[in-house]
Amino acid sequence: MSKIFFLDTETTGNVLATDRLSEVCYKIRGENNIQTELFKPPVPMSVKSMSITHITNEMLADKPPFQGSMMAQTLSALLEDYTLVAHNAPFDIAMIEAEGLKVQKFIDTLRVARSLDTEAIIPEYNLQYLRYYLGINIPDAKAHDAESDVLVLEALFERLLEKTIKTEGSEEKALEKMLEISCTPSLMKKFTFGKHLGKTVEEVAGTDRGYLEWLYKQKSEDPSVTEDDDWLYTVKYYLSK
């Protein structure tokens, strides 16, 4: 079995430049144990983040910092030899790299799920939406709970891997393909927000070029959006045509 581990983080917020880890959870593929721990971040939890994760500043007050922790040391060793799997991986990677760790190889299940949905049928690609849309049954798994999210992530990964194997022929080649997809900006197919909700990007490029120019400016300036690479790549692609 390939060396893979699943990771989920909870954070003080979603601004890549300033927010930090408050909880880390991981599970090695093929093993039953889930490791999870709270950490005291150098910045306080935002009210928005507390409302989603139910992790409060009071809960973190007596926790150790992530840097220098046993979990940090364990993850550092894992990252040298294992492939990290996360949903919207660039965000989790940014959070752990802000703590001094270095990610060598990763698979982003969000990007892979979107790539495999060639007809853009799935309305949303966030982890919990895919859980219910694809009928992934994880008893007692809660939303925005790190351990539950890791279990859903693992099940989603196996589903995506199985589908990729059908086209690539083997698990080894499928994993190579998933790594390739994860590391390459991809074309977004449809708008899931804004005044062009539900329309294809290609259609909007032909009817409202000004909107794409505005969107490019917004995405390039907003550090809280974690799909910037894909949207910037997509908008630049269509503006150059």
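Look up: the structure comes first, before these words.
No experiment lies behind these values; they were computed from the predicted model shown. Throughout, residues of each chain are indexed from 1 in the direction in which the sequence is written. Owing to the predicted nature of the model, reporting of local features is limited to residues with pLDDT of at least 70; listing and counting of side-chain atom pairs is limited to 80 or more, with chain, interface and lining totals taken over all residues. Computation of side-chain values covers all heavy atoms of the structure but excludes hydrogens and water.

## Quick notes on the overall build of the protein chain
Strands are runs of DSSP state E lasting at least two residues, helices are runs of H or I lasting at least four, and both sets are numbered from the N terminus onward. Scanning the protein chain for helices and strands turns up eleven helices and five strands. For 241 residues, the compact-globule estimate of 2.2 N^0.38 gives 18 Å, and the protein chain sits close to it at 18 Å. Buried, partly exposed and exposed residues are distinguished by accessible area as a fraction of the type maximum, computed with a 1.4 Å probe on protein chains only: under 20%, between the cut-offs, and over 50%, respectively. Within the protein chain, buried positions represent 45% of all 241 residues. We call two residues in contact whenever any of their non-hydrogen atoms come within 4.5 Å of each other. Pairs at least 24 apart in sequence give 56% of the contacts found in the protein chain among residues at least 6 apart. The positive count covers Lys and Arg only, the negative count covers Asp and Glu only, and His and the chain ends enter neither. Where a charge lies is defined by one atom per residue type: Lys uses NZ, Arg uses CZ, Asp uses CG and Glu uses CD. Charged side chains of the protein chain number 27 positive and 39 negative; the gap between the two group centres comes to 5 Å. Computation of the radius of gyration draws on C-alpha atoms, with the globule rule given as 2.2 Å multiplied by the number of residues to the power 0.38.

## Describing the sheet that holds strand β5 (residues 106-108)
Think of a sheet as strands paired side by side through backbone hydrogen bonds, with each pair either parallel or antiparallel. Here we have five strands laid out as an open sheet, ordered β3-β2-β1-β4-β5, and mixed in their pairing. The sheet is open, and its two borders are formed by β3 (35-38) and β5, each paired with just one other strand. Direction aside, neighbouring strands of the sheet carry axes that sit 20 degrees apart on average. Any two strands with at least two DSSP bridges between them are considered paired. In this sheet, β5 lies alongside strand β4 (residues 83-86) in parallel orientation, the contact comprising three bridges. When the sheet's bridge partners are listed, Val 85 is paired in β5 with Ile 107. Axis geometry follows a simple rule: fit a line to the C-alpha atoms, using only the stretch in contact for helices, then measure angles between N-to-C directions, giving values from 0 to 180 degrees. Relative to strand β1 (residues 4-11), helix α7 (residues 146-168) is tilted by about 140 degrees, and along the sheet it contacts β1, β2 (21-28), β3, β4 and β5.

## A word on the packing of aromatic side chains
The rule is short: rings of Phe, Tyr and Trp, with Trp giving its six-membered ring, pair when the centres are within 6.5 Å, and they are stacked under 30 degrees, edge-to-face over 60, tilted in between. Under the counting rule described, the total for this entry stands at ten aromatic pairs. Ring geometry for Phe 39 against Phe 66: centres 5.1 Å apart, planes inclined by 85 degrees, an arrangement best described as edge-to-face. One end of the pair, Phe 39, is in the loop between β3 and α1 (47-53); the other, Phe 66, is in the loop between α2 (57-60) and α3 (70-81), with 27 residues separating them in the sequence. By relative accessible area, Phe 66 is classed as buried at 3%. Put simply, the rings of Phe 191, Phe 193, Tyr 211, Trp 214 and Trp 231 pair up and form one aromatic cluster.

## Some remarks on helix α10 (residues 209-221)
In this model, α10 (13 residues) spans 19 Å end to end at C-alpha, consistent with the 18 Å of a helix rising 1.5 Å per residue. Listed in full, the buried residues belonging to α10 are Tyr 211, Leu 212, Leu 215 and Lys 219. An end-on view of α10 places all buried positions within 95 degrees of arc, on one side of the element. Where α10 is buried, its residues meet α9 (201-207) and α11 (228-239). To estimate the expected span of a helix, count its residues, drop one, and scale the result by 1.5 Å. Within this analysis, the arc is defined by the directions that extend from the helix axis to the C-beta atoms.

## Brief notes about the pairing of β1
For β1, the buried fraction is high: eight of the eight residues fall into the buried class. Here β1 shows two buried faces, one formed by Ile 4, Phe 6, Asp 8 and Glu 10 and the other by Phe 5, Leu 7, Thr 9 and Thr 11. Pairing between β1 and β4: three bridges, direction parallel. In the strand pairing of β4, Phe 5 is matched with Leu 84.

## Quick word on unusual backbone geometry
Its identity as a non-glycine residue notwithstanding, Asn 88 has a phi of 60 degrees, on the positive side. Asn 88 gets classed as buried once you look at its relative accessible area, which sits at 17%. Positive phi outside glycine occurs at Ala 120, with the angle close to 55 degrees. You can call Ala 120 buried: its relative accessible area is 11%.

## Some thoughts on helix α5 (residues 109-116)
The buried count for α5 comes to seven of eight residues, which makes it a mostly enclosed element. Among all positions of α5, only Thr 109, Leu 110, Arg 111, Val 112, Ala 113, Arg 114 and Leu 116 are buried. Those residues of α5 that are buried are in contact with β4, β5, α6 (127-133), α7, α8 (171-182) and α11. Near the N-terminus of α5, the side chain that reaches the backbone nitrogen of Leu 110, with its oxygen 3.0 Å away, is that of Asp 108. Two N or O atoms form a polar contact when they lie within 3.5 Å of each other; inside protein one atom must be a possible hydrogen donor and the other a possible acceptor, and for residues adjacent in sequence the pair counts only when both atoms belong to side chains.

Purely geometric stuff here, so don't read any function into it on its own.
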